[in-house]
Amino acid sequence: MVQTDREENQEILKESVTYLEHRGFEHIKAAIEGYETPKSYHKKDSDVVITPDIVADRAGIKHYFEISLKSAKPRLLKSKWQFLDTLTRMRNQRFRIITRRGHYKFTDEMLKDLNLEKNLIKL
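Everything quoted here is computed from the prediction, not taken from an experiment.

Rules of the game
Residues numbered from 1 in each chain as written. Predicted model: local features only at pLDDT ≥ 70, side-chain atom pairs only at ≥ 80, totals over all residues. Heavy atoms only, no water. Helix = DSSP H or I, 4+ residues; strand = E, 2+ residues; numbered from the N terminus. Expected span 1.5 Å × (residues − 1). Buried < 20%, exposed > 50% of the residue type's maximum accessible area, 1.4 Å probe, protein only. Arc of directions from axis to C-beta. Salt bridge = Lys/Arg side-chain N within 4 Å of Asp/Glu carboxyl O. Contact = heavy atoms within 4.5 Å. Axes fitted to C-alpha atoms, helices over the stretch in contact; angles between N-to-C directions. Parallel < 35°, antiparallel > 145°, perpendicular 65-115°, else oblique. Left-handed = near helix turned anticlockwise from the far one by under 90°. Nonpolar A, V, L, I, M, F, W, Y, C, P; charged D, E, K, R; others polar.

## Quick look at helix α3 (residues 74–90)
The end-to-end C-alpha distance of α3, which contains 17 residues, comes to 24 Å, matching closely the 24 Å that a straight helix rising 1.5 Å per residue would cover. Among the residues of α3, L77, K80, W81, L84, D85, L87 and T88 are the ones counted as buried. Buried residues of α3, viewed axially, fall in a sector of 165°; they line one side. The outward face of α3, more than 90 degrees from its buried face, is lined by the exposed residues R75, R89 and M90. Following α3 by one or two positions, N92 has its phi on the positive side, about 55°.

Listed below in structure tokens is the structure:
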């Protein structure tokens, strides 16, 4: 989700972190209280900062998780997902998308626009 949406949806972020903990993920980093903030990436020559919603490890492989919610800035969200997908492919890591009821269609349309084949984690 985009930075402006992150502050409004802290409960969804906490629920997603709890879900991942129960699935065996370790060293979880998220932008919520009690957890370390994930590493941010800065785009050269602009003010754009990309921070994954959740970063966690399982079986020695780093996983990046994005929470997909309807957004007022879908273009920024698309560029963020494309960047994270490219980054994880280069480093042989994983990129997954977590979504909720009421946001499935929005998420599917975003993935079709980007030509990404992702299995969604539906909470």
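## Remarks on the pattern of salt bridges
All told, the structure shown has seven salt bridges when counted by the stated rule. Between K29 and E36 there is a salt bridge, with the nearest N and O atoms lying 3.9 Å from each other. Residues joined in a network through salt bridges with shared partners are D53, E66 and K80.

## Some thoughts on helix α4 (residues 104–114)
Residues of α4 that are buried include every one of F106, T107, M110, L111 and L114, and no others. Angularly, the buried residues of α4 cover 130° about the axis, an arc narrow enough to put them on a single face. Facing away from the buried surface of α4 by more than 90 degrees, the exposed residues are K105, K112 and D113. Against β5 (61–68), α3, β6 (94–99) and β7 (120–122) lie the buried residues of α4.

## Quick look at the packing of α3 against α4
In the contact formed by α3 and α4, the axes pass within 11 Å of each other and the chain directions differ by 60°. In terms of axis orientation, α3 runs oblique to α4. At the point where α3 passes α4, the crossing takes the right-handed sense. Each of P74, L77, K78, W81 and Q82 in α3 lies in contact with α4, whose residues at this interface are F106, T107, M110, L111, D113 and L114. Residues belonging to the contact of α3 with α4 are distributed by class as follows: seven nonpolar, two polar and two charged.

## Remarks on the side chain of Q93
In this fold, Q93 is placed in the loop between α3 and β6. Every residue in contact with Q93, bar those within four places of it in the chain, is listed here: I61, K62, Y64 and T88.

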